[in-house]
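Topology and contacts: notes
Read off the chains here:
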Amino acid sequence: MAKRPAPSSGHGDMPFDGGGVTDGLEGASLFDERLFFAPRAAKLTRGDKPAKPPSAPTTPEAHYHGHRERLRNRYRDSGDTALADYEILELLLFRLIPRRDTKPIAKALLARFGTLGGVFGASTNLLQEVSGVGEAVALDLKLVASVAQRMLKSELTGKPVLSSWKALIDYCHTAMAHETREQFRILFLDKRNALIADEVQGLGTVDHTPVYPREVVRRALELSATAVILVHNHPSGDPTPSRTDIDMTKTIVETARPLGIAVHDHIIIGKNGHVSFKALRLF
């Protein structure tokens, strides 16, 4: 029986030899040695089934996932009174850091800033000094603080401030108690003592803010305000007024009175409380 001719390489070259490609083969670059040395798939005989590819290893569920669910259930069933401060903060951080155990971060934040108010009142730069808190998380925490301030301020807008004194103090404390620099704020009131504007007129250092009585009066006239409440903070935490605070307040009162603008009070906000000049009869 006649032998069949050797199979051609398909390119008009020398036939393929079992040991490799002939040295003179000009199209050697077309031959992929990876195909030659790759393991051959075993031939299937009748009745055999293809082998199943190995299944990917399963990753065990992180230990904190069950903890998150339990904490959510406690809050749902019993409200915030069932949770410690670090757990409230941890519950919020679940949303901000979805794939990490947030309990150590919540505890580190409270250890660094002391209270929840201190955490939300801290600047973004200070927040990012805590391990696990990046810029995005810091900004989200400040957003929560801003929402709280807006909520408290909404309780004052358009209402007689003097009859909502606790709401006023709560708002000023939330907005200013944890500032690291002195801030001079003015609440402008109409003839019904309703709030018409809330403005920060000056930012200073850790223990001083420049205040210009003429600017205070000028702005009150621009807004058609008939009364003001002065507010500033002491970053030290101690709201006790200084001699400079007292003298400056008296100057503003004397400048505003001839123009029909009343100064109802000057409040100093500290981390540990507040002081009312009116209550202390300082002017």
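It should be noted that the structure appears before, not after, this text.
These figures come from a predicted structure and were not determined experimentally. The residue count restarts for each chain, going from 1 along the sequence in the order it is written. With the structure being a predicted model, the display of local features is reserved for residues of pLDDT at least 70 and the display and counting of side-chain atom pairs for 80 or more, all residues being used for whole-chain, interface and lining totals. The basis for the side-chain values is all heavy atoms of the structure; hydrogens and waters are excluded.

1. Describing the nonpolar core
Keep this limit in mind: Think of a nonpolar core as a cluster: buried Ala, Val, Leu, Ile, Met, Phe, Trp, Tyr and Cys residues, connected wherever their side-chain atoms sit within 4.5 Å. Residue burial is assigned from relative accessible area. The probe radius is 1.4 Å, only protein chains are included, and a residue is buried under 20% of its type maximum, exposed over 50%, and partly exposed in between. Helix and strand assignments come from DSSP, with helices taken as H or I runs of at least 4 residues and strands as E runs of at least 2, each series counted from the N terminus. Residue contacts are counted whenever heavy atoms from the two residues lie within 4.5 Å of one another.
Of all hydrophobic cores here, the largest spans 18 residues; its most connected members are Leu-89, Leu-93, Leu-109, Leu-127 and Val-133. Take this core: its biggest share by element is 5 residues, from helix 4 (residues 103–113). The residues contacting Leu-93, other than those within four sequence positions of it, are Thr-102, Ile-105, Ala-106, Leu-109 and Val-137.

2. Regarding helix 7 (residues 135–154)
Our working rule: To estimate how far a helix should extend, the number of its residues minus one is multiplied by 1.5 Å. The directions from the helix axis to the C-beta atoms form the arc being described.
In this model helix 7 runs 28 Å from its N-terminal to its C-terminal C-alpha over 20 residues, within 8% of the 28 Å that 1.5 Å per residue would give. When helix 7 is considered as a whole, its buried residues turn out to be Val-137, Ala-138, Leu-141 and Ala-145. Buried residues of helix 7, viewed axially, fall in a sector of 110°; they line one side. Pointing more than 90 degrees away from the buried face of helix 7 are the exposed residues Glu-135, Ala-136, Leu-143, Val-147, Arg-150 and Met-151. The secondary structure elements touched by the buried residues of helix 7 are helix 3 (85–96), helix 4, helix 5 (116–121) and helix 6 (124–127).

3. Remarks on the pattern of salt bridges
Keep this limit in mind: When a carboxyl oxygen of Asp or Glu lies within 4 Å of a side-chain nitrogen of Lys or Arg, that pair is called a salt bridge.
Under the counting rule described, the total for this entry stands at 14 salt bridges. For Arg-74, the salt bridge goes to Glu-87, with nearest N and O atoms at 3.0 Å. Taken together, the residues Arg-74 in helix 2 (residues 63–78) and Glu-87 in helix 3 connect sequence positions 13 residues apart. For Glu-87, a relative accessible area of 9% corresponds to the buried category. Note that Lys-159 and Glu-155 form a salt bridge whose closest N and O atoms lie 3.7 Å from each other. You can call Glu-155 partly exposed: its relative accessible area is 41%. In this structure, a network of salt bridges that share partners links the residues Glu-199, Glu-215, Arg-218, Arg-219 and Glu-222.

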